[in-house]
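# Survey of secondary and tertiary structure
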Amino acid sequence: TVVPGLLAYPVACGLLVSLCPDADPINTNGFVAMAQPSAESTYLGKMPAGFGMIAALHGDLDTGDGVGKVYYRQDASPATLRQAAEQINRAFPEDDEPEHAVVVTWVDVASRQHHDHSRGDGLEKQLVIASAETTSYAILLYPRKGMQFASTAVGGSSQAMQAGFSKGLVKYLVFSTRQGPYYRITTERETSVRALAEETNSGKRGVWVYEIGTSPYFTSVAPGEVTDLPPDTGLESRVSEEATSKRYPGGGQQVTYSPYEPEEEVYRKEQPHQGPHHGGQFTVHTVQYQPQVVVVDDGDINVDVFSYNSETCANNRNKCSTFADCKDYASGYCCHCRPGYYGNGIQCVSEGKPQRMNGKVNGRVYVGNSPSPVEFNSNDLHSYVVANDGRAYVAISTIPARLGPSLQPLSALGGVIGWAFALEQPGYKNGFSIIGGEFTCQAEVTFLPAQEKLTIKQVFSGIDEHDHLVVSTTLEGRVPEVLRGSTVQIEPYSEIYQYSSNLITSSSTRDYTVSLDDGSAETRTYQWRQTITFQSCPNDEAARAVLPTQMLSVDQVFVMYDSNNELIRYAMSNKIGDVNGEVTSQENSCFTGRHGCDTNAVCRPEQGTQFTCQCAAGFTGDGRSCYDIDECREIPLACGEHSVCNNQPGTFRCECNDGYQFASDGHTCIVDRPVDHCAAGSHDCDITERAHCSYSGGSSYICSCLPGFQGHGRVCQDIDECQSARCHQKAVCYNTQGSFTCQCRPGYYGDGFYCSSERTKSQCETHRDRLLGSTEYGPQPVPGQYVPTCDSQGAYEASQCHGSIGHCWCVDRNGLEIPGTRTGPGRGRPLCIEQGPTVHPAVDVYPLPPGTHLLFAQSGRIEFVPLEGYNMKKTEAKTVLHLPEKVIIGVAYDCVEKMVYWTDITSPSISKANLQGGGAIPVIRSDLESPEGIAIDHLGRTLFWTDSMKDRIEVASLDGTKRRVLIDTNLVNPRAIIVDPVNGNMYWADWNRDAPKIETSAMDGTNRRVLVKDDLGLPNGLTYDPQSSQLCWADAGTHMIECMNPVQGDRRKAMGAIQYPFGITSHGKNIYYTDWRRDAVIMVDRQAGTETDVFLPQKQTRLYGITTAYAQCPSGKNYCAVNNGGCTHLCLATPRGRSCLCPNNALGVSCVESEGGQVLRWRERGAGIEVEREGGRY
């Protein structure tokens, strides 16, 4: 636990005495010391003192005769922290809440000159040191009844007691010291002491709050900002009445201000410490005796690294590095790197050998004032450090151009890497030498003057099997915008590192210059605060010899963002040495890095400026030139039987031959006899009714749940499809193992997926069926009676005939004969004018039969082709929706409600219709120009579309009421769009002839990146198969269909020599696409790469979009599938969970934007007022 800025000492050193065993921190004279107090005569009556202190009220005080007592404790209980936060926020309304607290209480303490005082007339006061993540506070409480005197006798005269803060003496030049910073709360007058109980700087009488640090270094003390008191309401306003008293063993009386009420128990010296979350008090005896010491553990330093224990080397030698020795101590064992290597013994690397680091970078970063963040996942980080001169290089890939330029000032991303392998000055150690390669670094960057904040967390996981240090980096927050094309120059800087047993802190202020394209330049600044946690070996006393502070000097900083390759690079030179930056008059080249040794050599300093170069372990040469030793060739039998030796730079590695594997000792290779566990029945997959076992070679296999079940394959559970409203609202759902059935309720008709109380018929159909009647053999006409004929759309055919008498005539849309059109027998049908389809209320859609179908757009209609397995049943193809005078481009299907959605460029508009019957329903009819591609998230209940004229991608709820623009930059001709709701990804194609591309992002528009941009022509169509994770596209320019796994990037050709594809969809092994040249739907076997079937619609016109209408929704879930993900408005899936977003058209409503449960923004709009509150503060 660290109190940032606490007089240049962490609270662990100032108060938790186990880290400062020589200090007596809590003093009965009324102060908390940051160092060993000097003799009383040197500080009584003086402020500032010559040593660091926080003085609640110090003077010559006495706790003799068992009357006065001093208690203190660590406290992280929610109640105490909540009350501390109330005091802090009253004094500093916008500040953070504390995470830890130390409570010190002086009770009934007398002035030494009034040693014969009675109980209850002594001095009472309380000090609370509260620590937030980046700031520390001192809260001082003075009850009225506790202020019995204001002065004590010093040197024979009475002097007012003192309250305040002092850093003490600090180094000045080389051999001298001078008084450091200090802050006085009281003056030389007693009235200033008595005023402590009557006045305030926090808005509450007798309570004083001070900010005592915003970095690991003492700079200044800031008092609270609220000096006005509320109206006095009698006893309720008195601190003395708000305080409570408790009797403690030994006759002492604990006066506690209400927020910090202690427990009854006083821990005795011999009792064990109960941890920082227990409120036990500790008694501090008078200064004549050894003070009680708090025993501290590191329980709340949560670092998943190697942990030492009290065992011996005999049982733990293998926990040390291969290049380390194990040594036993009285309390346990420790590991120590051998000569020629450095590290903490658990991790050791060769001296002089360059070090490589690999890792991944994840982030969610806002740029400038942008309301939406840039998200990125698993971006590659690579680093290379020339250890013998401290030069570090870092590169991060796939950083979008929207963010890349603005990350240039953050050379700090490579800062901890530079510190870990910095060039060491005489007597100083770099980070890896002290703590090895397993640690966690968390830093906060504050950009000035706008106070944008970015948090950087880096977890170092040690050296992997390739001798690379592994690091995982996460970025969260906001950075000021650096315009594209700008360059950034970072000035040299220094950073002070302070060390304790398991904790390192550092901070610095860094300046950088941004040069714009127009030649102008601007100098900016940010503050950097960093905490490093690690696990040290507590058993080696010599390890404590590490200097308490060291300075990292960084220069020759180079940064660059390569927009073409979306790559950001950092380079810097790092040296670790004296905190004052002092160097000897004659620098040795080993300490400057200007030695000329090979990059695989270590520089060995000798007398004066002399030095030698020595090749690192695993290399040979004169030091100026070093060559790798091929241990596999020069060391006979370097590896055992049935293994092969692979040489690597500076080392070698043994690998077992095919058919062998390492035994439990990690060295011996034993026979690996492949077994097909699936065939042998020795697998651990679930039973065959629920799971499938797939043999994958060797002795490996894969377990996967069958459709209708969920799990990891070894345990599969039935999916209750009835919970996701698969059936019609007028149907009953019956769940079965691996499936379900739907049955219409009594009085309704249909297949259960659609139910109706009656079958809706057109006027012609009703007329016809009434005349036909019904017999046991089916409908039969009455002999000699006229029966009308209806067309495929249910309308009366324009010409009607009476078969019995041979007469024909024309009819209007209502079936009435048009006078003068009748013809007699043998004269044929009259030429009748088509009247067009009869307008039926809500009868534009012709019900889709059960099963899986292809839906495709053709001019003013949407047609379907049933699928039997993966094959097209071409003879059963029909029109499902007729929309004359419309040009339908994109089609999408909602498998939940059996709805088809389409885009129309003539209106322009987006509409939908139920495929079980009903009319067209407008969804969006405004602010559109050319809507083309459309996609449905059936889990989150949202629709996505592209607009090729407005050049943007939008999302809306399925009824169109909640609408938001997701992407509106760097788009030229966006068309095809698809979503993968289970994984939270969105894909789209831009057929811009100058620079066609296929892009992806999360479904909330974040983490946008280009997937494919080379060798594209006119990428018109996209489809994604969730079963195989294949993204496929149809290109009318290259005349090919290509596929890839978006994660792996393994692009391949699925079909070539096609003509002019437009839309594309997939189902199982097949791809189906529409072709403008052939006016056809073509089926392709994706695996074989061959065309297998062609469907030619009756109407030969251009075909546009195509989609698959599944009989049942694909399996899978996301965060938005239940209760809208807890969002107030739009819930959009992302690879990491979901985002709650507010629509652009949210008027007169309250809306909360959040990610993963963390509130980002709250909006209230109404009466022309918009309020945005960020960070979850309401």
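Residues numbered from 1 in each chain as written. Predicted model: local features only at pLDDT ≥ 70, side-chain atom pairs only at ≥ 80, totals over all residues. Heavy atoms only, no water.

Taking an unreviewed UniProt entry as the reference, the protein is identified by name as Nidogen 1 belonging to Oncorhynchus kisutch. Within the UniProt record for the protein, the comment given under Subcellular location (unreviewed entry) is "Secreted, Extracellular space, Extracellular matrix, Basement membrane". (UniProt positions renumbered as here; feature names shortened; annotations may be inferred.)

## Remarks on the overall build of the protein
Along the protein, the regular secondary structure elements total 12 helices and 85 strands. Residues counted as buried form 52% of the 1178 residues belonging to the protein. When contacts within the protein are restricted to residue pairs at least 6 apart in sequence, long-range pairs at least 24 apart make up 51% of them. By element, 49% of the accessible surface of the protein is carried by carbon and sulfur atoms, the whole surface being about 53,000 Å². (Helix = DSSP H or I, 4+ residues; strand = E, 2+ residues; numbered from the N terminus. Buried < 20%, exposed > 50% of the residue type's maximum accessible area, 1.4 Å probe, protein only. Contact = heavy atoms within 4.5 Å. Areas by Shrake-Rupley, 256 points an atom, 1.4 Å probe, with all protein chains shown as cover.)

## A look at the state of the cysteines
This structure, assessed with the given rule, holds 23 disulfides. The disulfide partner of Cys-895 is Cys-1113, and the gap between their sulfur atoms is 2.1 Å. Judged by the sign of its S-S torsion, about 115°, the bond between Cys-895 and Cys-1113 is right-handed. With Cys-895 in the loop between strand 60 (888-894) and strand 61 (899-904) and Cys-1113 in the loop between strand 80 (1103-1109) and strand 81 (1130-1134), this residue pair connects regions lying 218 residues apart in the sequence. Taken as a pair, Cys-895 and Cys-1113 share a single burial class, namely buried. (Disulfide = S-S within 2.5 Å.)

## So, helix 12 (residues 763-772)
Counting along an α-helix, one turn takes 3.6 residues, and residues three or four places apart therefore face a common direction. When we look at burial in helix 12, the residues that qualify are Cys-764, His-767, Leu-771 and Leu-772. The buried side chains of helix 12 occupy one side of the element, clustering within an arc of 125° when seen end-on. Count one or two residues on from helix 12 and you reach Gly-773, which has phi positive near 70°. (Arc of directions from axis to C-beta.)

## Section: the pairing of strand 22 (residues 332-337)
When you tally the buried positions in strand 22, you get 5 out of 6 residues, the bulk of the element. Where strand 21 (residues 324-329) lies against strand 22, 6 bridges are found, and the strand directions are antiparallel. In the strand pairing of strand 22, Asp-325 is matched with His-336. Connecting the antiparallel pair strand 21 and strand 22 is a turn made up of 2 residues. (Pairing = 2+ DSSP bridges.)

## What about the packing of aromatic side chains?
Centre distance and the angle of the planes are the two values used to describe a pair of aromatic rings. Summed over the entire model, instances satisfying the criterion amount to 20 aromatic pairs. Pairing Phe-856 with Phe-1095 gives two aromatic rings, centres 6.2 Å apart and planes at 65°, and the pair type is edge-to-face. Of this pair, Phe-856 sits in strand 56 (residues 853-858) while Phe-1095 sits in strand 79 (residues 1090-1095), and the two are 239 residues apart along the sequence. The same class applies to Phe-856 as to Phe-1095, namely buried. Through pairs of rings, three or more aromatic residues link up here, namely Trp-419, Phe-439, Phe-460 and Tyr-497. Over the face of the ring belonging to Trp-809 we find Arg-822, whose NZ or CZ atom lies 4.3 Å from the ring centre. Note that Arg-1102 overlies the ring of Trp-1076, its terminal NZ or CZ placed 4.1 Å from the centroid. (Phe/Tyr/Trp six-rings, centres within 6.5 Å; stacked < 30°, edge-to-face > 60°. Lys NZ or Arg CZ within 6 Å of the ring centre and 35° of its normal.)

## Considering the sheet that holds strand 3 (residues 53-58)
Overall, antiparallel pairing links the 5 strands, which are arranged 1-2-3-11-14 in an open sheet. The open sheet has two edge strands, strand 1 (26-27) and strand 14 (182-184), and neither has a second partner. Sheet analysis places strand 1 next to strand 2 (residues 31-33), joined by 2 bridges and oriented antiparallel. Counted as the bridge partner of Ile-26 is Val-32 from strand 2.

## Side note on the environment of Thr-946
When you line up the elements, Thr-946 lands in strand 65 (residues 942-947). Judged by relative accessible area, which is 0%, Thr-946 ranks as buried. Expressed as a C-alpha distance, the spacing of Thr-946 and Ala-989, which sit 43 residues apart in the sequence, is 9.6 Å. There is a polar contact of 3.0 Å between the side chain of Thr-946 and the backbone nitrogen of Gly-933. (Polar contact = N/O pair within 3.5 Å; in protein donor to acceptor, adjacent residues only side chain to side chain.)

## Re the pairing of strand 8 (residues 136-141)
By the criterion of burial, strand 8 is predominantly enclosed, with 6 of the 6 residues buried. Here 6 bridges tie strand 7 (residues 123-131) to strand 8, and the two strands are oriented antiparallel to one another. Across the sheet, residue Leu-127 finds its bridge partner in strand 8, namely Leu-140. In sequence, strand 7 turns back onto strand 8 through a hairpin of 4 residues.

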